[in-house]
Amino acid sequence: MLARVRSAAVLGVDAYPVDVEVDLSSGLPTLATVGLPQSAVKEGRERVHAAIVNAGFEFPLKRITVNLAPADRPKVGSGFDLAIAIGILVASGQVSGAALDDLLVLGEIGLEGDLRPIRGALPVALCARALGVGRLLLPAANGAEGALVEGLEVKAAATLADVCRFLAGQADLPVARAQPSLVDSEAVEDATDFADVRSQAAAKRALEIAAAGGHNVLMIGPPGAGKTMLARRLPTILPSMSLEEALEASKIHSVAGTLPAGRALLGARPFRAPHHTVSDAGMIGGGSWPRPGEVSLSHAGVLFLDELPEFRRNVLEALRQPLEDGVVTLSRAAMTFSFPARFMLVAAMNPCLCGHLGDALRECRCDRAAIERYRARISGPLLDRIDIHLQVPAVGPGELSGAGAPAEPSAVIRARVEAARRIQRDRFPAQPGIYSNAHMTARDVRRYCRTAEPAEALLRQAIAKLGFSARAYSRVLKLARTIADLAGVAEIDPAHVSEAIQYRSLDRPRLPAVARAW
Ligand SMILES: Nc1ncnc2c1ncn2[C@@H]1O[C@H](COP(=O)(O)OP(=O)(O)OP(=O)(O)O)[C@@H](O)[C@H]1O
Ligand SMILES: [Mg+2]
């Protein structure tokens, strides 16, 4: 009396197949789950018991053994409930198991037999397709998520009783459908727009470049200069996601359970703005069974760190590795997890503790040592990974109140960003994971960022004078590439290089020079 139900478990952002085997034998009535079940899986037996009885079936008074194969990998979560319940019903002869061969099953069960949504339906659907399984059975709330994967029939069930009627061939289950026009259908929700920001032409230009190439930005300016205001408007000019990018990002949110209600696929690039008290586990991902952190939740989108120096030092230093590699790998005793983490870092800070260093409108009252202490909160290596160091000066009251010409709306800026991003998509067709200039590898930089002699000379001069690191050098080249793409030209010329160099003001070695620059 053995039943076998196909299911899957999520590891990191990918799923792997799990066979749920249920055996009934005579002996004292017990239910034992083997195959390294963690607590939520073990607790499932109470839910399964109640659900089977409440769905009008009999819970067999036998010795029941549930094996989750492969037995050597720990299993977490409540997604095996449905497979275990079906296994018990089939093994006890109450339901036919004929339909099970070509079916992968996942779902949590409530005490009344209702099916509850699970995390990671999207990676599970991708896994089912890779296995060649034709049909996937999911809770109704996950149907649309699973249906994103083509070449797979997704059945969405509301209750255990419905599933049993389906297995018995008495009633069919509805086939889930993906929502039409998934990518880019989500308008950025509120009415924020770059047109609200008066003057600040230089800052807007820099953010346009950053959005076009996916470059990291640090905004420095006095209190009230509009740094937070500018950053919050960034989502209105970000380029739309390609389907691959949307799938990559949605997989992470599917696993973390943070997909917006009623959506299967992220429609817009994520914009995450964690508070500065965030822990390193919250930022990078963590826990004994790791969950993706903010760096992964902002994959393909923006991670906005407002008041950068207030973040804990270990949290900021932990960003260095994902900023370079685009992935975080967390090792635990049981296994290793990898989460994609290729995000655009946007940070904001004041130039000093009082906030007015270099401010034309007010005097700074910090002494030199205090300024150095404040600046030292952001380490050199972190700064080195930021392509654009942007000074945001305070806007004078005249400019704020003056009627003036209306500022450019976000839609106009976004159209230019999209055009530049299209050039980049055509540039890296065969390189998975590389969608914009900021993602280029060292080899790509050599290939796509070639400069002619006058621009080359300018770069050499800058390296000598400003003491660029090798990383800063290649970041300047990437930035110059994006500036040229925005201009729609193939060749990087000296004007593009000099604009890119000008965005690296914090690389200037000694403090007095920096203070002057501010
Ligand atoms: N260029 C501008 N155009 C219109 N309003 C502005 C501009 N700059 C600032 N403001 C107004 O000032 C407010 C404060 O700006 P914001 O919060 O962005 O400053 P901040 O640079 O982040 O300051 P802090 O360093 O204190 O965080 C904004 O909400 C907005 O109302
Ligand atoms: Mg602010």
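The text that follows walks through the structure, step by step, so that each part is easy to find. (Residues numbered from 1 in each chain as written. Chains lettered and ligands numbered in written order. Predicted model: local features only at pLDDT ≥ 70, side-chain atom pairs only at ≥ 80, totals over all residues. Heavy atoms only, no water.)

A look at the overall build of the chain
Turning to step 1, where the next piece is worked out: Regarding its fold elements, the chain presents 21 helices and 18 strands.
Turning to step 2, where the next piece is worked out: If one aligns the C-alpha atoms of the chain with their principal axes, the spans along those axes are about 85 × 45 × 45 Å.
Turning to step 3, where the next piece is worked out: Burial statistics for the chain: of 518 residues in total, 53% are counted as buried.
Turning to step 4, where the next piece is worked out: Sequence separation of 24 or more characterises 74% of the internal contacts of the chain that already satisfy a separation of 6 or more.
Turning to step 5, where the next piece is worked out: With the model as given, the accessible surface of the chain reaches about 21900 Å², and the carbon-plus-sulfur share is 53%.
Turning to step 6, where the next piece is worked out: Taking the average place of the 59 positive charges on the side chains of the chain and the average place of its 55 negative ones, the gap between the two points comes to 5 Å. (Helix = DSSP H or I, 4+ residues; strand = E, 2+ residues; numbered from the N terminus. Buried < 20%, exposed > 50% of the residue type's maximum accessible area, 1.4 Å probe, protein only. Contact = heavy atoms within 4.5 Å. Areas by Shrake-Rupley, 256 points an atom, 1.4 Å probe, with all protein chains shown as cover. Lys, Arg positive; Asp, Glu negative; His and termini not counted. Charge placed at Lys NZ, Arg CZ, Asp CG, Glu CD.)

Section: the site of ligand 1
Turning to step 1, where the next piece is worked out: Within the structure, ligand 1 sits among 16 residues, and Arg198, Gly224, Lys227, Thr228 and Met229 are positioned closest to it.
Turning to step 2, where the next piece is worked out: Measuring from an oxygen atom of ligand 1, one finds a side-chain N or O atom of lysine 227 at 2.7 Å.
Turning to step 3, where the next piece is worked out: Within the contact set of ligand 1, an oxygen atom lies 2.8 Å away from a backbone nitrogen or oxygen of methionine 229.
Turning to step 4, where the next piece is worked out: Here ligand 1 loses 69% of its free accessible area of 640 Å² to cover by the protein chains.
Turning to step 5, where the next piece is worked out: Considered class by class, the residues forming the shell around ligand 1 number seven nonpolar, five polar and four charged. (Near = heavy atom within 4 Å. Polar contact = N/O pair within 3.5 Å; in protein donor to acceptor, adjacent residues only side chain to side chain. Nonpolar A, V, L, I, M, F, W, Y, C, P; charged D, E, K, R; others polar.)

Thoughts on the environment of alanine 195
Turning to step 1, where the next piece is worked out: If you trace the backbone, alanine 195 turns up in the loop between helix H5 (160-167) and helix H6 (201-213).
Turning to step 2, where the next piece is worked out: Looking at alanine 195, the relative accessible area reads 31%, which means it is partly exposed.
Turning to step 3, where the next piece is worked out: Sequence separation of alanine 195 and methionine 335 is 140 residues, and the distance between their C-alpha atoms is 49 Å.
Turning to step 4, where the next piece is worked out: Those residues in contact with alanine 195 that sit more than four places away from it in its chain are Ala407, Glu408 and Pro409.

Some thoughts on the side chain of glutamate 108
Turning to step 1, where the next piece is worked out: For glutamate 108, the location among the structural elements is in strand E6 (residues 108-109).
Turning to step 2, where the next piece is worked out: By relative accessible area, which is 17% here, glutamate 108 ends up buried.
Turning to step 3, where the next piece is worked out: Among the polar contacts listed, one links the side chain of glutamate 108 to the side chain of serine 78, at a separation of 2.6 Å.
Turning to step 4, where the next piece is worked out: In this structure glutamate 108 touches Arg47, Ser78, Asp81, Asp114, Leu115, Arg116, Pro117, Ile118 and Pro139, once residues within four positions along its chain are discounted.

Some remarks on the pairing of strand E4 (residues 63-69)
Turning to step 1, where the next piece is worked out: Of the two faces of E4, only one is covered, namely that formed by Ile64, Val66 and Leu68; the face formed by Arg63, Thr65, Asn67 and Ala69 stays uncovered.
Turning to step 2, where the next piece is worked out: Two strands pair when backbone bridges link them, and strand E3 (residues 30-34) and E4 are joined in this way by five bridges, in the parallel orientation. Among the inter-strand pairings, valine 34 is bridged to a residue of E4, identified as asparagine 67.
Turning to step 3, where the next piece is worked out: Where the polypeptide runs from E3 across helix H1 (residues 39-54) and back to E4, its parallel neighbour, the crossover connection is left-handed. (Pairing = 2+ DSSP bridges. Right-handed = clockwise from strand over helix to strand, strands pointing away.)

Brief notes about the packing of helix H3 (residues 121-131) against helix H8 (residues 243-256)
Turning to step 1, where the next piece is worked out: Axis separation between H3 and H8 bottoms out at 7 Å; the angle between their running directions is 120°. Taken together, the residues of H8 that come into contact with H3 (itself represented by Ala121, Leu122, Pro123 and Leu126) are Leu247, Ser250, Lys251, Ser254 and Val255.
Turning to step 2, where the next piece is worked out: Broken down by class, the residue content of the contact of H3 with H8 amounts to six nonpolar, two polar and one charged. (Axes fitted to C-alpha atoms, helices over the stretch in contact; angles between N-to-C directions.)

With respect to the pattern of salt bridges
Turning to step 1, where the next piece is worked out: In total, this model carries 29 salt bridges according to the counting rule given.
Turning to step 2, where the next piece is worked out: A salt bridge links arginine 4 to aspartate 19; its shortest N-O distance comes to 3.2 Å. In this pair, arginine 4 sits in strand E1 (residues 2-11) while aspartate 19 sits in strand E2 (residues 14-25), placing the two residues 15 residues apart along the sequence.
Turning to step 3, where the next piece is worked out: The partly exposed category is assigned to arginine 4, whose relative accessible area is 42%.
Turning to step 4, where the next piece is worked out: For aspartate 19, a relative accessible area of 21% gives the class partly exposed.
Turning to step 5, where the next piece is worked out: Salt-bridge contacts for glutamate 317 lead to arginine 320; the nearest nitrogen and oxygen are separated by 2.6 Å.
Turning to step 6, where the next piece is worked out: Several salt bridges share partner residues, and in doing so they unite Glu324, Asp384, Arg385, Asp387, Arg471, Arg475 and Arg504 into one network. (Salt bridge = Lys/Arg side-chain N within 4 Å of Asp/Glu carboxyl O.)

Points about the packing of H1 against helix H2 (residues 81-91)
Turning to step 1, where the next piece is worked out: Their axes nearest at 10 Å, the elements H1 and H2 cross at an angle of 55°. For the element pair H1 / H2, the angle class is oblique. Crossing hand, H1 versus H2: right-handed. Within the contact between the two elements, H1 uses Gly44, Arg47, Val48 and Ile52 and H2 uses Asp81, Ile84, Ala85, Ile88 and Leu89.
Turning to step 2, where the next piece is worked out: Along the lines of polarity and charge, the residues of the contact of H1 with H2 split into six nonpolar, one polar and two charged. (Parallel < 35°, antiparallel > 145°, perpendicular 65-115°, else oblique. Left-handed = near helix turned anticlockwise from the far one by under 90°.)

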